[in-house]
Amino acid sequence: MQTRMRMIKMLSNNMNNSKAIEYTRKEIVEVASGMLDGSFHYLEGAVALSSLRHYAGIEENDKDFMIFVGVASEIDHLPLGKFRENWSREALERLEPEIEAAIEWAKRISKKQCEIIIERFGA
């Protein structure tokens, strides 16, 4: 996901704005779809959606994305993605129950917004 975010930032700087927005919105649909079908880590997806909205021509306080901003804020202390490689195996094992509980909580409160985002931008 980090590589994709760099690509989106680069596109935003080097493309006309409408092309960058279109690309980012496709990425948003891909992330939300992956969150629902399990091909994208749910918590990492929530963090990504929280960030991607800035590059997609979406208002800062868009109601469909604010849930992901909240999830990202609540889980920012958990080791996710590439940051896991900097944590000890023991610490990761100790935090795994909290991560699993956070995934279940995030799914429970944001699944509907994933569906809405897919419908909204997936045409």
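Figured I'd write up the structure that's included with this text. Fair warning: this is a prediction, and the values are worked out from it, not measured in the lab.

A word on the environment of Gln-113
(1) Moving on: By secondary structure assignment, the location of Gln-113 is in helix H5 (residues 89–121).
(2) Moving on: In this structure, the C-alpha to C-alpha distance between Gln-113 and Met-66, residues 47 residues apart in sequence, is 9.4 Å.
(3) Moving on: Gln-113 has contacts with Asp-64, Ile-67 and Phe-68, leaving out every residue within four places of it along the chain.

Describing the nonpolar core
(1) Moving on: Core analysis: the biggest nonpolar cluster contains 28 residues, and Ile-28, Met-35, Leu-43 and Leu-49 have the highest contact counts within it.
(2) Moving on: Counting residues per element, the ones that place at least two in this core are helix H2 (17–37), helix H3 (42–52), helix H4 (63–74) and H5.
(3) Moving on: Discounting residues that sit within four places of it in the chain, Met-35 has contacts with Phe-40, His-41, Tyr-42, Gly-45, Ala-46, Leu-49, Phe-68 and Cys-114.

Rules used in this analysis
- Residues numbered from 1 in each chain as written.
- Predicted model: local features only at pLDDT ≥ 70, side-chain atom pairs only at ≥ 80, totals over all residues.
- Heavy atoms only, no water.
- Helix = DSSP H or I, 4+ residues; strand = E, 2+ residues; numbered from the N terminus.
- Contact = heavy atoms within 4.5 Å.
- Core = buried A, V, L, I, M, F, W, Y, C linked by side-chain atoms within 4.5 Å.
- Buried < 20%, exposed > 50% of the residue type's maximum accessible area, 1.4 Å probe, protein only.

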